[in-house]
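Observations on the model geometry
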Amino acid sequence: MNVVVYCGSSFGANPRFREAARVLGEWIGLSGNRLVYGGSSVGLMGVVSRAALDAGAEVDGVEPQFFIDAGVEQHDLTNLFVVQTMAERKTKMIELGDVFVALPGGVGTLEEISEIASRVRLGLGQDACYLLNVDGFYEPLKAQLALMEQEGFLSPEDAGRYRFVSSVEELVGMITSS
């Protein structure tokens, strides 16, 4: 299974974010799955990719040329897909993915997981998106989705397809049982 992981290119303030990225990457490798991610060697992206590689995973990075020019790409990936724009990056990651997971991250992560959330809602191939809600990081988004449901913009069925999990172990349980 190709697990797409969206996450920050920085570590964030909470050290548990880094630990969750490491545990997720390690699980991807040890379980024989493949990591698909943004291709960088920095921040949580670097942590998840290094852990996956060290655990024996094949890892596909999708990196815009301007990030490569800045010197932040991971060098020992199975595949590095070089694209020109962030939109092309997002499209390629979706093409490669089977399961979509968001670790904590910034506006880029939010944009990427929003695309998956829209695709889930529209029935465009993805049946769920998973948000690793480390220490409540995604609680505001969870509340916003609940408000959308309450106000009639999101059906209860669709709302249930956005899966907020508090640990990698819970995430693995959901992924492997679907």
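The model shown is predicted, which means the values in this text are computed figures rather than measured ones.

Some thoughts on the pairing of strand 1 (residues 2-6)
Within strand 1, 4 of the 5 residues are buried, which leaves the element mostly enclosed by the surrounding structure. Inspection of the sheet shows strand 1 paired to strand 2 (residues 34-37) by 3 bridges, in the parallel sense. Of the residues in strand 2, the one forming a bridge with N2 is R34. Following the chain from strand 1 across helix 1 (residues 15-30) to the adjacent parallel strand 2, one finds a crossover that is right-handed. Direction of pairing for strand 1 relative to strand 5 (residues 99-102): parallel, over a ladder of 4 bridges.

Some thoughts on the pattern of salt bridges
Counted under the stated rule, the structure contains 13 salt bridges. Two residues, E19 and R22, come together in a salt bridge whose shortest N-O distance is 2.5 Å. Linking E19 with R22, this pair stays in helix 1, spanning 3 residues, or about one helical turn. The salt bridge involving D54 is made with R50; its shortest N-O contact spans 3.1 Å.

So, the side chain of N33
Assignment of secondary structure puts N33 in the loop between helix 1 and strand 2. Here M1 takes part through its backbone nitrogen, which lies 3.2 Å from a polar atom of the side chain of N33. Side-chain polar atoms of N33 contact the side chain of S31, separated by 2.6 Å. Ignoring sequence-local partners within four residues, the contact set of N33 consists of M1, V3, W27, I28, A57 and E58.

Overview of the packing of helix 1 against helix 2 (residues 43-54)
Contact geometry of helix 1 with helix 2 gives a least axis separation of 7 Å together with a crossing angle of 30°. By the angle between their directions, the pair helix 1 and helix 2 is classed as roughly parallel. Judged by the sense of rotation from one axis to the other, the crossing of helix 1 with helix 2 is right-handed. Of helix 2, the residues touching helix 1 (which contributes F17, R18, A21, R22, L24, G25, E26 and G29) are L44, V47, V48, A51 and A52. Classifying every residue of the contact of helix 1 with helix 2 gives 8 nonpolar, 2 polar and 3 charged.

Cut-offs and rules
- Residues numbered from 1 in each chain as written.
- Predicted model: local features only at pLDDT ≥ 70, side-chain atom pairs only at ≥ 80, totals over all residues.
- Heavy atoms only, no water.
- Buried < 20%, exposed > 50% of the residue type's maximum accessible area, 1.4 Å probe, protein only.
- Helix = DSSP H or I, 4+ residues; strand = E, 2+ residues; numbered from the N terminus.
- Pairing = 2+ DSSP bridges.
- Right-handed = clockwise from strand over helix to strand, strands pointing away.
- Salt bridge = Lys/Arg side-chain N within 4 Å of Asp/Glu carboxyl O.
- Polar contact = N/O pair within 3.5 Å; in protein donor to acceptor, adjacent residues only side chain to side chain.
- Contact = heavy atoms within 4.5 Å.
- Axes fitted to C-alpha atoms, helices over the stretch in contact; angles between N-to-C directions.
- Parallel < 35°, antiparallel > 145°, perpendicular 65-115°, else oblique.
- Left-handed = near helix turned anticlockwise from the far one by under 90°.
- Nonpolar A, V, L, I, M, F, W, Y, C, P; charged D, E, K, R; others polar.

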